[in-house]
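Chain and residue survey
Below, each chain spelled out in residue letters.
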Amino acid sequence: MKKLLIIGALVFSTIAFTQEKYDQKTVNNVNTYMTRISSTLTLSDEEKTEIFKIKAIHTMGYWEIAKNNERGTEEFNIEMKELNKAFNLNLREAFGKARAKEIAIASQAKKQ
């Protein structure tokens, strides 16, 4: 429960700092995500900005979890599950259930 609160605090406090500068690794990761979505969906500039912020928060949260936990451990998996729940909740709150589902489907990497 304590870790859930920490992750929640990280996610929501980062939202408050929308003007924060992201490091290049975060920008590259989010741009790849945005490219996948844009290849399938037409997004307004407002949607692009909001998706960028939400995905940047998710990406920074992942790196924080990966830094503190070994991948594949139970603790890592639990924290990632909570981070992903927060990410999906943020998408639903920002875009509504139907549009968030469209975005999630469009963001999946194409299998070759």
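Heads up: the structure comes first, above all this text.
On a predicted model such as this, the values are computed, not experimentally measured, just so you know.

Notes on the pattern of salt bridges
Inspection of the entire model under this criterion finds 5 salt bridges. In this structure, the salt-bridge partner of Lys85 is Glu82, at a minimum N-O distance of 3.8 Å. Taken as a pair, Lys85 and Glu82 lie in helix 4 (residues 74–95) at a separation of 3 residues, close to a single helical turn. Sharing partners across several salt bridges, the network here consists of Glu47, Arg99 and Glu102.

Considerations on the packing of helix 2 (residues 24–38) against helix 3 (residues 45–68)
Relative to each other, helix 2 and helix 3 sit at 130°, their axes nearing to 9 Å. As the angle between them shows, helix 2 and helix 3 are arranged oblique. In this structure, the crossing between helix 2 and helix 3 has a hand that is right-handed. For the pair helix 2 and helix 3, the contacting residues are Lys25, Thr26, Val27, Asn29, Val30, Asn31, Tyr33, Met34 and Ile37 in the first and Lys48, Ile51, Phe52, Lys55, Ala56, Thr59, Met60 and Trp63 in the second. Classifying every residue of the contact of helix 2 with helix 3 by side-chain character gives 10 nonpolar, 4 polar and 3 charged.

Comments concerning the nonpolar core
Tyr33, Ile37, Ile51, Leu91 and Ile103 are the most contacted members of the largest nonpolar core, which totals 17 residues. Listed by contribution, the elements that provide at least two residues to this core are helix 2, helix 3, helix 4 and helix 5 (97–107). A per-element tally of this core places helix 2 first, with 5 residues. Sequence-distant contacts of Tyr33, that is, excluding residues within four places in its chain, are made with Ile51, Lys55, Phe87, Leu91, Ile103 and Ser107.

Notes on the packing of aromatic side chains
For the structure on display, the rule yields 2 aromatic pairs. Ring geometry for Tyr33 against Phe87: centres 6.3 Å apart, planes inclined by 75°, an arrangement best described as edge-to-face. With Tyr33 in helix 2 and Phe87 in helix 4, this pair connects stretches of sequence that are 54 residues apart. For Tyr33, a relative accessible area of 4% corresponds to the buried category. Summarising the aromatic geometry, the rings of Tyr62 and Phe76 are spaced 6.3 Å apart at their centres and angled 80° between planes, so their arrangement reads as edge-to-face. Here Tyr62 is found in helix 3, whereas its partner Phe76 is found in helix 4, with 14 residues between them in sequence.

Thresholds applied
Throughout, a residue's number is its position along its own chain's written sequence, starting from 1. Residue-level local features of this predicted model are given only where pLDDT is at least 70; pairs of side-chain atoms are given and counted only at 80 or more, and the full residue set underlies all totals for whole chains, interfaces and linings. To obtain the side-chain values, all non-hydrogen atoms of the structure were used and water was disregarded. Counted as salt bridges are all cases of a side-chain nitrogen of Lys or Arg within 4 Å of a carboxyl oxygen of Asp or Glu. Under the scheme used here, helices are H or I runs from DSSP no shorter than 4 residues and strands are E runs no shorter than 2 residues, and both carry numbers assigned from the N terminus. Axis geometry follows a simple rule: fit a line to the C-alpha atoms, using only the stretch in contact for helices, then measure angles between N-to-C directions, giving values from 0 to 180 degrees. Angles are sorted into four bins: roughly parallel if under 35 degrees, roughly antiparallel if over 145, roughly perpendicular if 65 to 115, and oblique for all others. Put simply, a crossing is left-handed when the front helix is turned counterclockwise from the back one by less than a right angle, and right-handed when it is turned clockwise. The contact criterion used throughout is that any non-hydrogen atoms of two residues lie within 4.5 Å. Basically, the charged four are Asp, Glu, Lys and Arg, the nonpolar ten are Ala, Val, Leu, Ile, Met, Phe, Trp, Tyr, Cys and Pro, and anything else, Gly included, counts as polar. Among buried residues, the Ala, Val, Leu, Ile, Met, Phe, Trp, Tyr and Cys ones that are joined through side-chain atoms within 4.5 Å form a nonpolar core. Buried, partly exposed and exposed residues are distinguished by accessible area as a fraction of the type maximum, computed with a 1.4 Å probe on protein chains only: under 20%, between the cut-offs, and over 50%, respectively. Working definition: a ring pair exists when centres of Phe, Tyr or Trp rings (six-membered ring for Trp) sit within 6.5 Å. Plane angles under 30 degrees give stacked, over 60 give edge-to-face, the rest tilted.

So far we have only geometry, and geometry alone does not tell us how the molecule works.
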